[in-house]
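Each chain, letter by letter, is given below.
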Number of protein chains: 4
Amino acid sequence: MVKVAVVGASGYTGVELIRLLDAHPDVEISCVTSRQNAGEEISSVFPSLLSRIPLVCDPVDVDIIVDKADFVFTALPHKSAMEVVPDFLAAGKKVVDLSADYRLRNKEVYEHWYQEHTSPDLLAEAVYGLPEIYRDRIGDARLTANPGCYPTSVALALTPLIRSGLIDCSTLVVDSKSGTSGAGRSAKTGSLFCEVNEGFHAYGVGAHRHTPEIEQTLSDLAGEDVVISFTPHLLPVNRGILSTCYATLRKPVSTARLLSVFRDHYSREPFVRVHAEGSLPNVAYVRGSNFCDLGMVSDSRTGRVIVVSVIDNLIKGAAGQAVQNMNLMLGMKEATGLTALPVFP
Amino acid sequence: MVKVAVVGASGYTGVELIRLLDAHPDVEISCVTSRQNAGEEISSVFPSLLSRIPLVCDPVDVDIIVDKADFVFTALPHKSAMEVVPDFLAAGKKVVDLSADYRLRNKEVYEHWYQEHTSPDLLAEAVYGLPEIYRDRIGDARLTANPGCYPTSVALALTPLIRSGLIDCSTLVVDSKSGTSGAGRSAKTGSLFCEVNEGFHAYGVGAHRHTPEIEQTLSDLAGEDVVISFTPHLLPVNRGILSTCYATLRKPVSTARLLSVFRDHYSREPFVRVHAEGSLPNVAYVRGSNFCDLGMVSDSRTGRVIVVSVIDNLIKGAAGQAVQNMNLMLGMKEATGLTALPVFP
Amino acid sequence: MVKVAVVGASGYTGVELIRLLDAHPDVEISCVTSRQNAGEEISSVFPSLLSRIPLVCDPVDVDIIVDKADFVFTALPHKSAMEVVPDFLAAGKKVVDLSADYRLRNKEVYEHWYQEHTSPDLLAEAVYGLPEIYRDRIGDARLTANPGCYPTSVALALTPLIRSGLIDCSTLVVDSKSGTSGAGRSAKTGSLFCEVNEGFHAYGVGAHRHTPEIEQTLSDLAGEDVVISFTPHLLPVNRGILSTCYATLRKPVSTARLLSVFRDHYSREPFVRVHAEGSLPNVAYVRGSNFCDLGMVSDSRTGRVIVVSVIDNLIKGAAGQAVQNMNLMLGMKEATGLTALPVFP
Amino acid sequence: MVKVAVVGASGYTGVELIRLLDAHPDVEISCVTSRQNAGEEISSVFPSLLSRIPLVCDPVDVDIIVDKADFVFTALPHKSAMEVVPDFLAAGKKVVDLSADYRLRNKEVYEHWYQEHTSPDLLAEAVYGLPEIYRDRIGDARLTANPGCYPTSVALALTPLIRSGLIDCSTLVVDSKSGTSGAGRSAKTGSLFCEVNEGFHAYGVGAHRHTPEIEQTLSDLAGEDVVISFTPHLLPVNRGILSTCYATLRKPVSTARLLSVFRDHYSREPFVRVHAEGSLPNVAYVRGSNFCDLGMVSDSRTGRVIVVSVIDNLIKGAAGQAVQNMNLMLGMKEATGLTALPVFP
């Protein structure tokens, strides 16, 4: 049993890590931390854990964590993460960081979209933790930068199209919609039930911080700089991201042919499912699971392909992918602890 | 007091027409019809009307309706509408038809996307009831074809951009999201609470029947054939449509300049509101009202403009716009009965 | 046109008052205040008001308010209200106070459930603003204490039963469920979308502050001290309260007979609607309106009557009832500005 | 590996059985049936099962089922269940029946609330499958009648109170609220998203079919006939039942003492959790799990105790309890396959 710590356990990603790790046969949660709830039982913060997770929250203290755990998940806000991640590595621990701090390889790009980077030396070492693209490197990593929720949904939707050279990457438009757990658990007026329920709006248009992260991956795939239009929206559901991706095809390709390209590309992936022609994914069909479902249509009227991808933003978009990365980093079977079917309805 | 009939009162658009007409000072609802609820009190179908709307549903019988009313709203499914609309006109009544039957001027286009048209002679006469574009013609119309909900949200978002020549119309991508009342009140598995709640999905990709209707209006505005990518999605809210529209700018234009173009264009419109720079509309801010709210961003990284529009699909997208058209057709003040503020939260 | 002030305009009750008063033909909103948003346009706080309510928020400054308005609505938290209400009265203004500060006639009871009362002298003068019970006194009042949302729903459900002597008041159990707008607009973790959505829980069991308010009214009606079990629950909807009230009948009475008692009792009330036998109210059927809908069943198996009442907590439970009280206090027709039908769906 | 059949797989309980059984280490789903979807892949009915459950729906044909499976779950509507259950038993299979057909021991009571019973001889043999009360008998059963969702939530809330003799059973009032999946997956207007969302209402007041089932269990516990007031309500959430139970205490008992009675009573139960004083359960904290959470308050003002219980209606209220019963009937560890933590948020 590997002892693991969940650093930043009082957010939605934290509690989801606890839920998934509790079901994992080969690890044991030995430490959970929380700045604001230090000293409290984690099951009083999240009564869903009652009677099953008897841990008390530690403060975010590196010595305590290093002492208690062999593997560390940092589920902290960006900036807070890079204040502690170097220490965990220095102490010989492996880390999956769920913040944005080590996702962008280019320090200048990071500092343009976020703020000063205080451990830029690790940027070259950190591996971007999207197994479907970077699996081999993750297995050897000490530090994995767990991808953002939107970037995961977009990269999986577009990889086969870019790799196959079927689309003109200068025409990419990505319209994404995220459930509200993506906004975190801090008490903000904009996240109140009455503000979100029965509402829907776009935000961060042309300026969302996941844009450079998406572009970094797509540029890797394309072998050239890719610039996209990315518009996120806030969806009145707890969980789920749906990304609708538009691109102009270089030449006419039928929907059936596109589906075949996708099925071939993902034939050995345990967590990517491709819908049949005429069927489109729904965030409700992946809720509670680590799946990414894909569906698509080739629109001959406009010469565009429309790919729709869905994930559970807290699982394949965060905690589930983090466990998948841990499995790879520890040499375990990649799908261990992640095989639960979606919870529908 | 003008006597009006609501033909097809047992759907969501029907009950919304009743609600709005009840608040209208210059009309009286003298007849409501329903195939499946004929003989029942409309307030037993919709208890929201209890104690206030003492009408019993008539069957959809032209003689009865013609006898009872001077002005007719047909809120029937397409195909059913064109079975009765010609009779109302023949009897000297004015009609606002809320179905799709008279929206497309070209019979072939209609028959390609729907089915055979049984009163094609009226297609030339019917006026497309989007007052912000076709106001002058509506005032003289006997038959107004009330626009679809998606087409209303898209046309209002794009009119100033197309009229001003700022965008390349061949690059238009429209990603729309509609509340579930748009799917109507018939009992279908896909509209069940547990299927829609906590879910989100695209549908009719590349094939939705509102596509030709949107293209007809945009082509009118552009003076050339416009073809768009249009993707609707089902939103787990009762009411509201949000359309996110992407287009490549012919040359760089700032967000401030775009907003100024929009404000000038809509300066005298009672129901179009343009958000300030940095603010974006939300379906929650128009719920229960006839407003269309617009916001936008010019994205210099990609050279695209993103315009976001929101309406209440049952009001500006259906019943409210129908009343607005009636007001114009009867020479009343256009905003009469439609001045209620949005219901928030 | 009477000039009215909405003191405390940045909460959900505040914006609902603005919406209703904007539709009122005989008043003009001349002043809105907000501590945290002073100096901002109220339409930037609530974009639903865009283009229609051009007011800037004043601070909560008695001199400014007294100068601008003839009639004052105080929509402040309890304790804050009694800091300013005496000043408005002293300046000769009439006031509807929507806080709890003047609802309880007994200072000791108030101080037991809330905190010290700083203007106890007004407790005797203030009239409890439930028109269906205290209408005559409201007409003469300078200060009306607008009832709480739960107490309104419960009092209207039980008045005919108590007045008619049909029930044993010692057996009253009231199980109430409220939409989340009742929790206000302040940013608390417990009011976040992800905490409320797909959730449901009881709170304040045996200890909710509306209990003494309900008991005060029921005791008035019964002519003896009434003590009840009252359990509120948080409902994942924006608006609406449903109270399910249980009482043992003194002797067997049929449902039909009970309905007849209720219909007689409320025959001249514009805002109380009694459902037919076999039909029960739904919060969805009163949303956006000032109605209270009632339904009931006499259960011969247990000898109990179950009465179900629903209101929109922001309207009949707050802003709408406040306007109803204002109408009475100003000698206007009681239903003025409050005749809009419910917004369904 | 025991081969199990899910008869009636196209409803919400069916798909939940599949989800839970798929995670069970010692069984294999060898047969799924559906009247309306016979011949279709179950993963096309429920795309949540895509790529993981490769079964095609069989018709409800006893021979096929008996041939393919050793253990049968019947998730059929009442009446349909008793048409096939006797055949499965005759073929030597063990059965958990999730319908109401074998829950009531008294044929006359069944026929009063439902309709004629066609296999009344099995009523005496069938064991009511609430392990926390009838565990011993379930282990020996051929046929277990899986309890209704409401009855499970109520029985677990009241068992310690009745067993301990602390309450007057003639005063029981049970106010329950259920998520919409409890209404099933058939296409009815009343289950449409727009009818349920933002709505809340009581139904079946004094007449719900779960009433005699609850009373049968409570009478067993009390050793005398217990009659209750039971009022169900429809909650706009997918999953979850909360029951608020009121009873008069025979003598004053503190909340702390009550909690201690409950903790003792349930100390060895894997699926019942008792909240600490001051904390109350929420349906959100059990969603996706087999837990029943309990909280309570002793109200000295009224002499009543209020117990609140929550379950996931599809799990502890249906499929999860069915698997728990199967485990007992097959001599497996009772909690096998049921240890997943709740999915929050």
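Predicted, not measured: the structure shown is a model, and the values here were computed from it. (Residues numbered from 1 in each chain as written. Chains lettered and ligands numbered in written order. Predicted model: local features only at pLDDT ≥ 70, side-chain atom pairs only at ≥ 80, totals over all residues. Heavy atoms only, no water.)

### Remarks on the interface of chain B and chain A
Working step 1: The interface is formed by 49 residues belonging to chain B together with 49 residues belonging to chain A.
Working step 2: Taking both partners together, chain B and chain A bury about 3800 Å²; carbon and sulfur atoms supply 55% of that area.
Working step 3: On the chain B side of the interface with chain A, the three residues burying the most area are B:Glu198, B:Phe200 and B:Arg301, jointly 19% of the side's total.
Working step 4: Connecting chain B to chain A are four salt bridges.
Working step 5: Ionic pairing is found between B:Lys177 and A:Asp175, a salt bridge with its closest N-O pair at 3.0 Å.
Working step 6: Connecting chain B to chain A are 28 residue pairs in polar contact (both at pLDDT 80 or more).
Working step 7: Elements with a contribution of two residues or more to the side of chain B that touches chain A: strand 7 (167-179), helix 8 (193-196), strand 8 (201-202), helix 9 (210-222), strand 9 (229-235), strand 10 (241-249), strand 12 (292-299) and strand 13 (304-311) of chain B.
Working step 8: Looking at side-chain class alone, the side of chain B that touches chain A contains 25 nonpolar, 14 polar and 10 charged residues. (Contact = heavy atoms within 4.5 Å. Buried area = accessible area lost by both parts, 1.4 Å probe. Salt bridge = Lys/Arg side-chain N within 4 Å of Asp/Glu carboxyl O. Polar contact = N/O pair within 3.5 Å; in protein donor to acceptor, adjacent residues only side chain to side chain. Helix = DSSP H or I, 4+ residues; strand = E, 2+ residues; numbered from the N terminus. Nonpolar A, V, L, I, M, F, W, Y, C, P; charged D, E, K, R; others polar.)

### Focus on the confidence of the model for chain A
Working step 1: Chain-level statistics for chain A give a pLDDT mean of 98 and a share of 100% at 70 or above.
Working step 2: The ipTM for the predicted assembly is 0.97, set against a pTM of 0.98. (pLDDT = per-residue confidence, 0-100.)

### Remarks on the relation of the copies chain A and chain D
Working step 1: When chain A is brought onto chain D, the operation consists of a screw motion whose angular component is 180 degrees and whose axial shift is 0.0 Å, with 0.0 Å RMSD remaining. What the superposition gives is, in effect, a two-fold axis relating one chain to the other.
Working step 2: The fraction of interface residues of chain A whose copies in chain D are also interface residues reaches 100%, indicating that both copies meet through the same surface. (Least-squares fit on C-alpha atoms with pLDDT ≥ 70 in both.)

### With respect to the relation of the copies chain B and chain A
Working step 1: Superposing chain B onto chain A takes a rotation of 180 degrees combined with a translation of 0.0 Å along the rotation axis, leaving an RMSD of 0.0 Å.
Working step 2: The share of interface residues of chain B whose copies in chain A are also at the interface is 100%, consistent with both copies meeting through the same surface.

### Points about the sheet that holds strand 10 of chain B
Residues and elements named next belong to chain B.
Working step 1: Taken in spatial order, the seven strands of this open sheet run 8-9-7-10-13-12-11, and their pairing is mixed. Edge positions in the sheet fall to strand 8 and strand 11 (272-274), since each of these pairs with one other strand and no more.
Working step 2: As paired strands, strand 12 and strand 13 are joined by eight bridges and run antiparallel to one another. Along strand 13, the bridge assignment pairs Gly 295 with Val 308.
Working step 3: On top of the sheet, helix 10 (residues 255-265) reaches strand 10, strand 11, strand 12 and strand 13; it is set at about 150 degrees to strand 12, its chief contact. (Pairing = 2+ DSSP bridges. Axes fitted to C-alpha atoms, helices over the stretch in contact; angles between N-to-C directions.)

### Details of the interface of chain A and chain D
Working step 1: Contacts between the two partners involve 31 residues from chain A and, on the opposite side, 31 residues from chain D.
Working step 2: Counting the contacts that link chain A with chain D gives zero salt bridges.
Working step 3: Connecting chain A to chain D are 10 residue pairs in polar contact (both at pLDDT 80 or more).
Working step 4: With six residues, the single largest contributor to the side of chain A that touches chain D is helix 1 (residues 12-22) of chain A.
Working step 5: The class makeup of the residues in the side of chain A that touches chain D is 16 nonpolar, seven polar and eight charged.

### Quick look at the side chain of D:Thr152
Residues and elements named next belong to chain D.
Working step 1: Considering the arrangement of structural elements, one finds Thr 152 in helix 7 (residues 149-163).
Working step 2: What makes Thr 152 buried here is its relative accessible area of 0%.
Working step 3: Polar contacts involving the side chain of Thr 152 include one to the side chain of Gln 321, which spans 3.1 Å.
Working step 4: Not counting chain neighbours up to four residues away, the residues in contact with Thr 152 comprise Leu 130, Pro 147, Ile 311, Lys 316 and Gln 321. (Buried < 20%, exposed > 50% of the residue type's maximum accessible area, 1.4 Å probe, protein only.)

### Let's talk about the pairing of strand 3 (residues 71-74) of chain A
Residues and elements named next belong to chain A.
Working step 1: Covered by surrounding structure in strand 3 are Phe 71 and Phe 73 together with Val 72 and Thr 74, the residues of both alternating faces.
Working step 2: Bridge count between strand 1 (residues 2-7) and strand 3: four bridges; the pairing is parallel. Residue pairing in the sheet places Val 7 in a bridge with Thr 74 of strand 3.
Working step 3: Relative to strand 4 (residues 94-97), strand 3 runs parallel, the two being bridged by four bridges. Its bridge partner being in strand 4, Phe 71 is matched across the sheet by Lys 94.
Working step 4: The parallel pair strand 3 and strand 4, bridged by helix 4 (residues 80-90), forms a crossover whose chirality is right-handed. (Right-handed = clockwise from strand over helix to strand, strands pointing away.)

### Re the packing of helix 1 (residues 12-22) of chain B against helix 11 (residues 319-329) of chain B
Residue and element names in this part refer to chain B.
Working step 1: Running from N to C, helix 1 and helix 11 cross one another at 50 degrees; their axes reach a closest spacing of 9 Å. What the angle tells us is that helix 1 and helix 11 run oblique. Note that helix 1 runs across helix 11; the crossing there is right-handed. Note on element contacts: helix 11 touches helix 1 through Ala 319, Gly 320, Ala 322, Val 323 and Met 326, opposite Thr 13, Glu 16, Leu 17, Leu 20 and Leu 21.
Working step 2: When the residues that make up the contact of helix 1 with helix 11 are grouped by side-chain class, the tally is seven nonpolar, two polar and one charged. (Parallel < 35°, antiparallel > 145°, perpendicular 65-115°, else oblique. Left-handed = near helix turned anticlockwise from the far one by under 90°.)

### Here we look at the pattern of salt bridges
Between side chains of opposite charge, a pair can form when the charged atoms approach closely.
Working step 1: Following the criterion strictly, the structure yields 72 salt bridges over all chains and no others.
Working step 2: With a closest N to O distance of 4.0 Å, B:Asp70 and B:Lys93 form a salt bridge. Residue B:Asp70 is located in the loop between helix 3 (62-68) and strand 3 (71-74), and its partner B:Lys93 is located in the loop between helix 4 (80-90) and strand 4 (94-97); the two are separated by 23 residues in the primary sequence.
Working step 3: B:Asp70 sits in the partly exposed class, given a relative accessible area of 42%.
Working step 4: One salt bridge connects D:Glu195 with B:Arg185, and the closest N-O pair in it is separated by 2.9 Å. Of this pair, D:Glu195 sits in helix 8 (residues 193-196) while B:Arg185 sits in the loop between strand 7 and helix 8, on two different chains. Accessibility classification places D:Glu195 together with B:Arg185 in one group, the buried group.
Working step 5: Here the salt bridges do not stand alone but share partners, grouping A:Glu16, A:Arg19, A:Arg239 and A:Asp312 into one network.

### Remarks on helix 1 of chain B
Working step 1: Of all 11 residues in helix 1 of chain B, nine are buried, a share of seventy percent or more.
Working step 2: Residues of helix 1 of chain B that are buried: B:Tyr12, B:Gly14, B:Val15, B:Glu16, B:Leu17, B:Ile18, B:Arg19, B:Leu20 and B:Leu21.
Working step 3: On its buried face, helix 1 of chain B is in contact with strand 1 (2-7), strand 2 (27-33), helix 2 (42-45), strand 3 and helix 11 of chain B together with helix 8 of chain D.

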